[in-house]
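So you can see what is in the structure, the chains are spelled out below.
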Amino acid sequence: MVLTAISNSESFSTGTRKSMENSLNIVICGAGIAGLGAAIALRKKGHLVTVVEAAPQLQEVGAGIQVPPNSTRILKSWGLEEKFLANIVLPKNTLLRRYATGEVVGRVDANPESEQKYGYPYWFIHRADFQKILYDAATEFGIEVIFEAPVERVREDGSRTKVVLKNGEELEADLVVGADGIRSKTRATAIQNSIDVVESSHCAFRATVPAELMKADPAIAHFMTDPSSNVWMGPDSHIVGYPIRKGEMYNLVICRRGKASVGKWNEPADINEVREHYTGWEPNLRQVLSNVTSCQKWKLAYLPPLDQWISDNGRVVIIGDAAHAMLPYMAQGAAMGIEDGAALAECVARVTDLTDLPTLLRAFQDFRKPRVDIVTEAVLSNADTFHRADGPEQEQRDKRMKQQMEGTAPKTTEEKSQQAKVIRYADKDFQPWLYGYDTIKEVSNGLLREAVVANFK
Ligand SMILES: Cc1cc2nc3c(=O)[nH]c(=O)nc-3n(C[C@H](O)[C@H](O)[C@H](O)COP(=O)(O)OP(=O)(O)OC[C@H]3O[C@@H](n4cnc5c(N)ncnc54)[C@H](O)[C@@H]3O)c2cc1C
């Protein structure tokens, strides 16, 4: 059965398109951050967008998520700043600490430096609030989100592309966007040369502590009153903590070896076992952990760079974790998904006839893949930095971090290269490339430049 045409609000004002005459019928698989972001960006260009989501409703999964300026720039451009400001914490710094003593060996400035350097702020938010803001905006803009609609496969039949749901229903679309996460059915069924997910040996354990408990204890109250992110770096493990929900709770992400199922977002974890693991860590941190009453875990996994993100007939594209799931060691996974949506909308906006689509999707892939591949790689080097065992390599790391924090110029080429690698998102060359990136401008200018899409200026 083919579902009926999508009824998006006709009163929606596109801003950038003159009319709806070139609007495509787009189905997005997955209502995560990448899927909803892409839905908003594409709808804002005047397309008819339907999102199909496997879950019965939006889920309160995960806890804190960092929103770096390369992402806040786009969210603001979609007119969502006010909604975010009602939910975020504006962090001051990221403080990199020795696990056993809490000594700060490194610091990466967040606000107001982010705005000063890149024109956009750095935010902390609860993942569920992030998704809800996108969902509310999407439905306000006339996007239909269908829950309890798990996609079984995406089928290409000549020039027709169909999303087949588990219950046998089919949705026909001009363009299918697979934003269905690391275990993407879209990737598995419609994209050639796809690669298997790589399971890391580590899990992320996530927990929150209510602000009242944190503030009532003088030893740990400062973690709430100073809105910075703390990263305790220890042998084969690190813990990240920061306040979220306008300071209502303290968010903890604990990364260390462990067992869990890949692709499941919130399996219950044994908090006593977690606490025991950290007996040798800084007392203040242990005090925070003693206030945790429940904890969920995720298996950390990632995708090595794929050969392609688009199907052979050029009508299916994957974005977000479906295309490039990465380890969370640079807080960029969701940000890359937001960038994908903005970039995709720019490319698809140039379609004047359906036959243009494959070329423009290829252009999208050519803009996005090199950037995302660099970030995926850089994230792996951060894992190595955070998890060094005590010894000469850790001492070197701490020395380089201190130099970076104090702004001491490296004396030799070797020192310069070591300092650049030690914490990639603090590096003076890498950070502007990462945080200062203007996706919409880069893609629009790129489309103007590229000979391959000369017709789509
Ligand atoms: C511990 C941890 C901390 C992180 N911290 C940060 C951070 O600070 N900053 C940051 O930018 N990123 C962070 N990330 C990464 C970020 O969470 C992900 O990159 C991002 O959520 C991916 O979004 P997505 O929409 O691509 O995929 P997902 O969030 O996985 O969403 C996919 C959606 O598709 C749905 N779906 C799946 N299969 C189907 C199907 N067959 N049919 C229909 N729907 C389907 C799912 O139910 C889900 O709603 C972190 C990740 C982890 C694990």
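These figures come from a predicted structure and were not determined experimentally.

1. Structural notes on the site of the ligand
Next, step 1: Residues in contact with the ligand amount to 30 residues; listed here are only the nearest, Glu53, Gln66, Arg127, Val151 and Asp321.
Next, step 2: Here a nitrogen atom of the ligand sits 3.4 Å away from a polar atom, N or O, in the main chain of glycine 333.
Next, step 3: Between an oxygen atom of the ligand and a main-chain N or O atom of alanine 334, the distance comes to 2.9 Å.
Next, step 4: Starting from 1000 Å² of accessible surface for the ligand in isolation, the protein chains cover 87%.
Next, step 5: A per-element tally of the shell around the ligand places helix H12 (residues 333-348) first, with three residues.
Next, step 6: Considered class by class, the residues forming the shell around the ligand number 17 nonpolar, seven polar and six charged.

2. A few points about the sheet that holds strand S8 (residues 151-157)
Next, step 1: Spatially, three strands are ordered S8-S9-S10 in an open sheet, and the strand pairing comes out antiparallel. Among the strands making up the open sheet, the edge pair consists of S8 and strand S10 (170-173). In this sheet, neighbouring strand axes are inclined to one another by 20° on average, regardless of whether the strands run parallel or antiparallel.
Next, step 2: Pairing of S8 with strand S9 (residues 160-165) involves six bridges; the strand directions are antiparallel. Bridge pairing links glutamate 156 to threonine 161 in S9.

3. Things to note about the sheet that holds strand S1 (residues 25-29)
Next, step 1: The strand order S7-S2-S1-S11-S18 describes an open sheet built from five strands, whose pairing is parallel. Edge positions in the sheet fall to strand S7 (144-146) and strand S18 (316-318), since each has one partner strand and no second. Adjacent strand axes in the sheet meet at a mean angle of 20° when their direction is disregarded.
Next, step 2: Bridge count for strand S2 (residues 48-52) against S7 is three bridges, and the pairing is parallel. In the strand pairing of S7, valine 51 is matched with valine 145.

4. Quick look at the confidence of the model for the protein chain
Next, step 1: Averaged over the protein chain, the pLDDT score is 89; the fraction of residues at 70 or greater is 92%.
Next, step 2: Within the model, pLDDT remains below 50 along residues 1-20, and this stretch shows 42 contacts once partners closer than five positions in the same chain are excluded.

5. Structural notes on the nonpolar core
Next, step 1: In terms of nonpolar packing, the biggest core is built from 113 residues, with Ile28, Leu42, Phe130 and Val163 touching the most fellow members.
Next, step 2: Of the residues forming this core, the biggest block, 12 residues, is contributed by helix H13 (residues 357-386).
Next, step 3: Not counting residues up to four positions away in its chain, the partners in contact with phenylalanine 130 are Ile33, Ile65, Val67, Leu75, Phe84, Ile125 and Ile338.
Next, step 4: One finds Tyr99, Ala211, Met214 and Val292 within the second-largest nonpolar core, a separate group that totals 26 residues.

6. Details of the pattern of salt bridges
Next, step 1: Applying the stated criterion to the full structure yields 24 salt bridges.
Next, step 2: In this structure, aspartate 438 engages arginine 73 in a salt bridge whose closest nitrogen and oxygen atoms are separated by 3.2 Å. In this pair, aspartate 438 sits in the loop between helix H16 (430-435) and helix H17 (439-449) while arginine 73 sits in helix H2 (residues 69-77), placing the two residues 365 residues apart along the sequence. Of the two residues, aspartate 438 and arginine 73, neither departs from the other in class, the shared state being buried.
Next, step 3: Measuring nitrogen to oxygen at the nearest pair gives 3.1 Å for the salt bridge that ties glutamate 140 to lysine 83. One end of the pair, glutamate 140, is in helix H5 (residues 127-140); the other, lysine 83, is in helix H3 (residues 81-85), with 57 residues separating them in the sequence.
Next, step 4: Exposure remark for glutamate 140: the relative accessible area of 56% places this residue in the exposed category.
Next, step 5: Taking relative accessible area as the criterion, lysine 83 reaches 31% and is therefore assigned partly exposed.
Next, step 6: Several salt bridges converge on common partners, so that one network encompasses Arg98, Asp390, Arg397 and Asp398.

Rules of the game
- Residues numbered from 1 in each chain as written.
- Predicted model: local features only at pLDDT ≥ 70, side-chain atom pairs only at ≥ 80, totals over all residues.
- Heavy atoms only, no water.
- Near = heavy atom within 4 Å.
- Polar contact = N/O pair within 3.5 Å; in protein donor to acceptor, adjacent residues only side chain to side chain.
- Areas by Shrake-Rupley, 256 points an atom, 1.4 Å probe, with all protein chains shown as cover.
- Helix = DSSP H or I, 4+ residues; strand = E, 2+ residues; numbered from the N terminus.
- Nonpolar A, V, L, I, M, F, W, Y, C, P; charged D, E, K, R; others polar.
- Pairing = 2+ DSSP bridges.
- Axes fitted to C-alpha atoms, helices over the stretch in contact; angles between N-to-C directions.
- pLDDT = per-residue confidence, 0-100.
- Contact = heavy atoms within 4.5 Å.
- Core = buried A, V, L, I, M, F, W, Y, C linked by side-chain atoms within 4.5 Å.
- Buried < 20%, exposed > 50% of the residue type's maximum accessible area, 1.4 Å probe, protein only.
- Salt bridge = Lys/Arg side-chain N within 4 Å of Asp/Glu carboxyl O.

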